[in-house]
Amino acid sequence: MTNTAETLDEAGAWFDANWSADLPLGQWWDRLGRSGWGFPAWPAAWFGRGLSNAAARAVIGERLRRGVFGPPSGIATFLAAPTILAHGTEAQKERYLPGIATGRDVWCQLFSEPGAGSDMASLQTRAERDGDEWIISGQKVWTSGAQYARYGILIARTDPGVPKHKGLTYFLIDMHQPGVEVRPLREMTGDSGFNEVFFTDARVHDRDRLDGIGEGWRVAMTTLANERDPSNPGLGAGGGSLIGSPDLSLTVAAYRRRQASDTDAFSYSLGGGISTVLEGLVRSFGRGDDPVARQRLMAIKTMHETQRWTAERAKASARAGAQPGPETSTLKLMGTRMSRAIRDLGFSVMGPHGMLIGDDAPVDGLFHKYALFVQAGSIAGGSDEVQHNIIGERALGLPREPDDSRDRPFRELRVGTQRPPS
Ligand SMILES: Cc1cc2nc3c(=O)[nH]c(=O)nc-3n(C[C@H](O)[C@H](O)[C@H](O)COP(=O)(O)OP(=O)(O)OC[C@H]3O[C@@H](n4cnc5c(N)ncnc54)[C@H](O)[C@@H]3O)c2cc1C
């Protein structure tokens, strides 16, 4: 028997002995998180089993085959956790990872600002030292799930006297405190997924600084590389999204029913099981035998497989312990291209029905919402153009984009609302 087969037997036995859809969601996530089978690619000491991505995926497959509900998924698990695992002290891991792995704590990502999106290094939110604490002032925007978040991963400027990439520091901030104001924004889907967040003398203890003072850019690169990686083990296939705030006292069965009518659930099921959802849509409009529709469906399936294969190769070739690199930009571009192809095929088979919105539209109107949201994939986590720049400069070794702001002290730059004295 191979090691993988033994691991699968062990995981299967654990699922059989522990899983029940009648458990309260909070209890199931707690049990699954502590067992290490929820995030099998995480280190064994920290809610994982230390498996390779490929072996972890086999365990996830085993879980899905048994119909066992997955772990929580969201900014907490796919951005905060890998960044804390890579850069955190043991005390920080002890303090934050239990709440993440067991779905107790929702997190948000406080990077983008009105004057700093693609050029994130131009951010203006300040962190000023005050004894053992830091005082945070400024504004973030497009902060997904901030209205539900208990904690946030935050980058702020600690030294405006050095070049823009050098004066940044990364913090783990408590969102439930005076001085943090969250204002939801309305998207064209009608939902309010993201927010503006205002900091007015909010506080972070120095023990919640992640890595060194002035090291924020390097730490943020770990977060962003994980954001662009569709094989990120923190994505928690087949589980619940923690972009919102699930009711942990509901039984898993009740939560699942509620989630099935959710747009996110539809997007996730497309991501994980294109063959069933999209194929079902094509068939339901009588286009299952149409050679053009079938051809486009095959192209999407091929993209999906290529993306998975590339992700596996990228991980397999990475040195043990190495951080994900610019290859994740290629994966992100593949993902956005695939989502657009799904949108276009869906609309083409639906014809005029594609113009309908609301519960009585095809697939309960969820495809329409999905299609409206697809544009976001080419912007969130770094726009497509920015991914092309990264691939050009860091993977292909092309000359860097000219940027005369790179070496000058930040306070001398004209960025966002900052106007340096002339
Ligand atoms: C659904 C969604 C969720 C998000 N969630 C979060 C979140 O939780 N937390 C968070 O911090 N942020 C979040 N964001 C923000 C996201 O990271 C930014 O929108 C993104 O980085 C782009 O920044 P921007 O919107 O300021 O656009 P800009 O940077 O102003 O870009 C405008 C346009 O210029 C192009 N451009 C800019 N610079 C270059 C360049 N150097 N070369 C070529 N083209 C360029 C861009 O490609 C784009 O087309 C989210 C965004 C979306 C859409």
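These figures come from a predicted structure and were not determined experimentally.

Novice: Which residues make up the overall build of the protein chain, and what values do they have?
Specialist: Across its full length, the protein chain carries 13 helices and eight strands. Burial analysis of the protein chain (422 residues in total) assigns 39% to the buried set.

Novice: Which residues make up helix α11 (residues 327–350), and what are the values?
Specialist: Between its terminal C-alpha atoms α11 stretches 35 Å, which fits the 34 Å expected from 24 residues at 1.5 Å a residue. Following α11 by one or two positions, Gly-351 has its phi on the positive side, about 55°.

Novice: Quick rundown of the nonpolar core? Include the residues and the values.
Specialist: Counting 64 residues, the largest nonpolar core has Ala-80, Leu-97, Trp-107, Ile-136, Ile-155, Phe-171 and Ile-173 as the members making the most contacts within it. Top element by residues in this core is helix α4 (residues 75–87). It accounts for seven residues. Residue contributions to this core reach at least three from each of two domains, namely domain 1 (3–70) and domain 2 (90–97 + 101–226). What Trp-107 contacts, discounting residues up to four positions off in sequence, is Ile-75, Ala-76, Ala-80, Ala-149, Tyr-151, Gly-152 and Ile-153. Ranked by size, the runner-up nonpolar core spans 16 residues in total, among them Ala-293, Ile-300, Ile-342 and Phe-367.

Novice: How would you explain the site of the ligand if you had to name every residue and give the values?
Specialist: Not every one of the 21 residues close to the ligand is listed here, only the nearest: Phe-111, Gly-117, Ser-118, Ser-383 and Glu-385. Of all elements in the fold, only β1 (107–110), β3 (133–144) and α13 (384–395) reach the threshold of two or more residues within the shell around the ligand. Each of domain 2 (90–97 + 101–226) and domain 3 (255–382) accounts for three or more of the residues forming the shell around the ligand.

Novice: Describe the environment of Gly-131, with residues and values.
Specialist: Position of Gly-131 among the secondary structure elements: in the loop between β2 (126–130) and β3. Sequence separation between Gly-131 and Asp-206 is 75 residues, and the spatial gap between their C-alpha atoms is 8.7 Å.

Novice: So what's going on with the environment of Leu-281? Which residues, and what values?
Specialist: Inspection of the secondary structure assignment puts Leu-281 in helix α9 (residues 274–284). Note on Leu-281: 21 C-beta atoms within 10 Å, which makes it buried. Measuring from C-alpha to C-alpha, the distance between Leu-281 and Val-349 comes to 8.0 Å, with 68 residues separating the pair along the chain. Leu-281 has contacts with Gly-346, Val-349, Val-363 and Phe-367, leaving out every residue within four places of it along the chain.

Novice: Explain α4 to me, using residue names and the numbers behind them.
Specialist: Over its 13 residues, α4 extends 17 Å from the first C-alpha to the last, a length consistent with the 18 Å expected when each residue adds 1.5 Å. In α4, a bend of some 30° at Ala-81 exceeds every other bend along the element, and Pro-82, a proline, comes one to four places later. In terms of burial, α4 is largely enclosed, as ten of its 13 residues are buried. When we look at burial in α4, the residues that qualify are Ile-75, Ala-76, Thr-77, Phe-78, Leu-79, Ala-80, Ala-81, Pro-82, Thr-83 and Ile-84. Buried residues along α4 sit against α5 (90–101), β1, β3, β4 (151–157), β8 (209–210) and α6 (216–227).

Cut-offs applied
Residues numbered from 1 in each chain as written. Predicted model: local features only at pLDDT ≥ 70, side-chain atom pairs only at ≥ 80, totals over all residues. Helix = DSSP H or I, 4+ residues; strand = E, 2+ residues; numbered from the N terminus. Buried ≥ 20, exposed ≤ 12 C-beta atoms within 10 Å, placed from the backbone. Expected span 1.5 Å × (residues − 1). Core = buried A, V, L, I, M, F, W, Y, C linked by C-beta atoms within 7 Å. Domains from an automatic or database assignment. Contact = placed C-beta atoms within 7 Å. Near = placed C-beta within 6 Å. Bend = angle between axes of the 7 residues up to and from the residue.

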